[in-house]
Amino acid sequence: MRPFLKVLVILFCIAKGEGHWLRSLIRSTPNSQCGLRSILLQVRDLGLGYDSDETVLFKYCSGTCPRARSNHDLTLSNLLLSGLLPHPTPGEPWHSAPCCRPTHHEDMAFLDNSHRWHKVEKLCAAGCSCAD
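Predicted model, so just to flag it, every value in this text is computed and none were measured.

Draft legend 1. Representation of the overall build of the protein in the model. A count of helical and extended segments in the protein gives three helices and four strands. Listing every helix and strand of the protein by position from the N terminus yields α-α-β-β-α-β-β. When contacts within the protein are restricted to residue pairs at least 6 apart in sequence, those whose partners lie at least 24 apart make up 53%. Put simply, the protein shows about 9,600 Å² of open surface, and 57% of that area lies on carbon and sulfur atoms.

Right, dumping it as structure tokens:
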């Protein structure tokens, strides 16, 4: 009976537009492995300019990736330290560790407040992997 009550409370809060507190319940722990996560959001919170009160399940990739240094990584580090390669300029993106990224995406459809359907292509992550 308790799980049913939890679901009922969550649905009630979402219906009243107070689902923002769910973010803290759904967030991944800092040391979790790379994987697909999800969060309930109102469409307007996605920041895409749509006027919609509809609540959707947004899926994204998050988590840590194992750091396995390849021969390329070792050589690049040595060339940078020896001064044979120029150091990146401040603000230039420089990634020396793998990151958790989507491998493919899903479309999402929703109804706006004017009762029109919208389909946003490749909005949600559908699979995740560590990318170098």
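Draft legend 2. Quick peek at the pattern of salt bridges. Applying the stated criterion to the full structure yields five salt bridges. Across the pair D51 and R44 runs a salt bridge, and its minimum N-O distance is 2.8 Å. Owing to a relative accessible area of 47%, D51 belongs among the partly exposed residues under this scheme. Under the relative-accessibility criterion, R44 is labelled partly exposed at 35%. What you see here is one network of salt bridges that share partners, running through R44, D51 and D53.

Draft legend 3. Structural context of unusual backbone geometry. Here H115, not a glycine, exhibits a phi torsion of approximately 65°, which is positive. Checked against the element boundaries, H115 lands in the loop between strand 3 (99–111) and strand 4 (117–131). The phi torsion at K122 lies on the positive side, around 50°, for a residue other than glycine. Inspection of the secondary structure assignment puts K122 in strand 4.

Draft legend 4. Quick look at the nonpolar core. Of all hydrophobic cores here, the largest spans seven residues; its members are V43, V56, M108, F110, V120, L123 and C124. Elements that contribute at least two residues to this core include exactly strand 3 and strand 4. If one sorts the elements of this core by residue count, strand 4 sits on top with three residues. In terms of nonpolar packing, the next biggest core, distinct from the first, is built from five residues, C34, C61, C100 and A125 among them.

Draft legend 5. Fine view of the pairing of strand 4. Direction of pairing for strand 3 relative to strand 4: antiparallel, over a ladder of 11 bridges. In the strand pairing of strand 4, F110 is matched with H118. Between strand 3 and strand 4, which pair antiparallel and follow one another directly, the connecting turn spans five residues, one of which, H115, has a positive phi of 65°.

Basis of the calculations
Residues numbered from 1 in each chain as written. Predicted model: local features only at pLDDT ≥ 70, side-chain atom pairs only at ≥ 80, totals over all residues. Heavy atoms only, no water. Helix = DSSP H or I, 4+ residues; strand = E, 2+ residues; numbered from the N terminus. Contact = heavy atoms within 4.5 Å. Areas by Shrake-Rupley, 256 points an atom, 1.4 Å probe, with all protein chains shown as cover. Salt bridge = Lys/Arg side-chain N within 4 Å of Asp/Glu carboxyl O. Buried < 20%, exposed > 50% of the residue type's maximum accessible area, 1.4 Å probe, protein only. Core = buried A, V, L, I, M, F, W, Y, C linked by side-chain atoms within 4.5 Å. Pairing = 2+ DSSP bridges.

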